[in-house]
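Chain by chain, the residues:
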Amino acid sequence: MIVGVLALQGDFEEHIVSLENHKVKSKEIRTIAELKEVDALILPGGESTVIAKLMKSSGLDEAIISRVQDGMPVWGTCSGAILLANQVKSPVLLDTQLSLLDIDIERNAYGRQSDSFKTNLEVPGGSQKVYFIRAPKIHRKGKGIKVLSKYKTDPVMLRSKNVLVTTFHSELTESNRVLEYFLGMT
Ligand code: GLN
């Protein structure tokens, strides 16, 4: 099994290292041809406006939509979660949206870069150190979407079928229980 990491912008290298730590084969994805070679996909954190622009110009947006609709597991972290959402609250429009999960999400909802924080969260499998970095907030979720973790009252890890989103980063520490959970979806 090969897990792809969308490598247009953002912290894709950290996800590649995390996959290596978990002894999983990985591949950086920048083209439609590369996407064909993987069995699952991670959308990293970064700047969703920039990633959306590059996804659209490369045609990867349509290609990802069709693979996920065919059942490929996908995990969006932070800006990846924004890109997967049906509704995005943002001062600027994204060039494209994958609209693969029925949630409303608000960009930069915890404040500015200086309001970023780390905390320990209960996720499937146990406690996990995570980072909220200019993180979004999920304000609404559609039917059939499971909340797998909360920070205070905010749902921060959600899943529906083959689509997983987290509004935080778990790939910056050596053990990554969210990745372990995602690998269980493959
Ligand atoms: N604030 C970023 C955005 O809206 C997301 C931040 C992140 O991915 N850590 O795209």
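All of these numbers come straight from a predicted model, not from anything done at the bench.

Summing up its helical and strand segments, the protein chain has 6 helices and 12 strands in all. Whereas a compact globule of 186 residues would reach a radius of gyration of roughly 16 Å, the protein chain reaches 15 Å, a difference of no more than 12%. Reported as C-alpha extents along the three principal axes, the dimensions of the protein chain are approximately 40 × 40 × 35 Å. A total of 186 residues make up the protein chain; the buried ones form 50% of that total.

Neighbouring residues of the ligand: Gly45, Gly46, Glu47, Ser48, Cys78, Ser79, Ile82, Arg107, Asn108, Ile133, Arg134 and His169. Ser48 places a polar main-chain atom, nitrogen or oxygen, 2.5 Å from an oxygen atom of the ligand. Here a nitrogen atom of the ligand and a backbone polar atom of Ile133 are 2.9 Å apart. Protein chains bury 96% of the 300 Å² of accessible surface belonging to the ligand in isolation. According to the grid-proximity analysis, the pocket containing the ligand is the largest pocket. The residue makeup of the shell around the ligand, split by class, is 3 nonpolar, 6 polar and 3 charged.

Quick look at the layout of surface pockets now. When its volume is computed, the largest pocket comes out at roughly 170 Å³. Taken together, 13 residues form the lining of the largest pocket, with Gly46, Glu47, Cys78, Ile133 and Arg134 sitting closest to its centre. Among the residues forming the lining of the largest pocket, the class breakdown is 3 nonpolar, 7 polar and 3 charged.

The next thing to look at is the sheet that holds strand β11 (residues 154–160). The strands making up a sheet associate through backbone hydrogen bonding, with each pair oriented either parallel or antiparallel. Within the open sheet, the 7 strands sit side by side as β2-β1-β3-β4-β12-β11-β10. Their pairing is mixed. Edge positions in the sheet fall to β2 (25–29) and β10 (146–151), since each of these pairs with one other strand and no more. Across the sheet, the axes of successive neighbouring strands diverge by a mean angle of 20°, strand direction being ignored. Looking at chain direction, strand β1 (residues 2–6) and β2 are connected through 5 bridges and run parallel. Looking across to β2, one finds that Leu6 is bridged to Ile29. Across the sheet, helix α1 (residues 12–21) lies against β1, β2, β3 (40–43) and β4 (74–77), angled at about 165° from β1, the strand it touches most.

Another point: helix α3 (residues 48–58). Along α3, the residues that are buried comprise Ser48, Ile51, Ala52 and Met55. All buried residues of α3 fall inside an arc of 100° around its axis, so they share one side. Exposed side chains of α3 directed beyond 90 degrees from the buried face belong to Lys53 and Ser57. Looking at the buried positions of α3, the neighbouring elements they touch are β1, α4 (60–69) and α5 (79–84). Taken from the residues just after α3, Gly59 is the one with a positive phi, measuring 80°.

Take the side chain of Thr77 next. You can see Thr77 is positioned in strand β4. Given the relative accessible area of 0%, Thr77 is considered buried. Side-chain polar atoms of Thr77 contact the side chain of His15, separated by 3.4 Å.

This part is about the pattern of salt bridges. If you walk through the whole model with that rule in mind, you get 8 salt bridges. The shortest N-O distance in the salt bridge between Arg140 and Asp104 comes to 3.3 Å. Of this pair, Arg140 sits in strand β9 (residues 137–141) while Asp104 sits in strand β6 (residues 101–106); the two residues are 36 residues apart in sequence, bridging distant segments of the chain. Each of Glu47, Arg107 and Arg134 takes part in salt bridges that share partners, so that together they form one network.

The rules behind these values
- Residues numbered from 1 in each chain as written.
- Predicted model: local features only at pLDDT ≥ 70, side-chain atom pairs only at ≥ 80, totals over all residues.
- Heavy atoms only, no water.
- Helix = DSSP H or I, 4+ residues; strand = E, 2+ residues; numbered from the N terminus.
- Rg over C-alpha atoms; globule rule 2.2 N^0.38 Å.
- Buried < 20%, exposed > 50% of the residue type's maximum accessible area, 1.4 Å probe, protein only.
- Near = heavy atom within 4 Å.
- Polar contact = N/O pair within 3.5 Å; in protein donor to acceptor, adjacent residues only side chain to side chain.
- Areas by Shrake-Rupley, 256 points an atom, 1.4 Å probe, with all protein chains shown as cover.
- 1 Å grid on protein atoms, 1.4 Å probe; cavity = no way out; pocket = protein on both sides within 12 Å on 5 of 7 lines; lining within 4 Å.
- Sits in = over half its atoms within 2 Å of the grid points.
- Nonpolar A, V, L, I, M, F, W, Y, C, P; charged D, E, K, R; others polar.
- Points joined across faces, edges and corners; volume = space filled by probe spheres on them.
- Pairing = 2+ DSSP bridges.
- Axes fitted to C-alpha atoms, helices over the stretch in contact; angles between N-to-C directions.
- Contact = heavy atoms within 4.5 Å.
- Arc of directions from axis to C-beta.
- Salt bridge = Lys/Arg side-chain N within 4 Å of Asp/Glu carboxyl O.

Any functional reading would require information that these geometric values do not contain.
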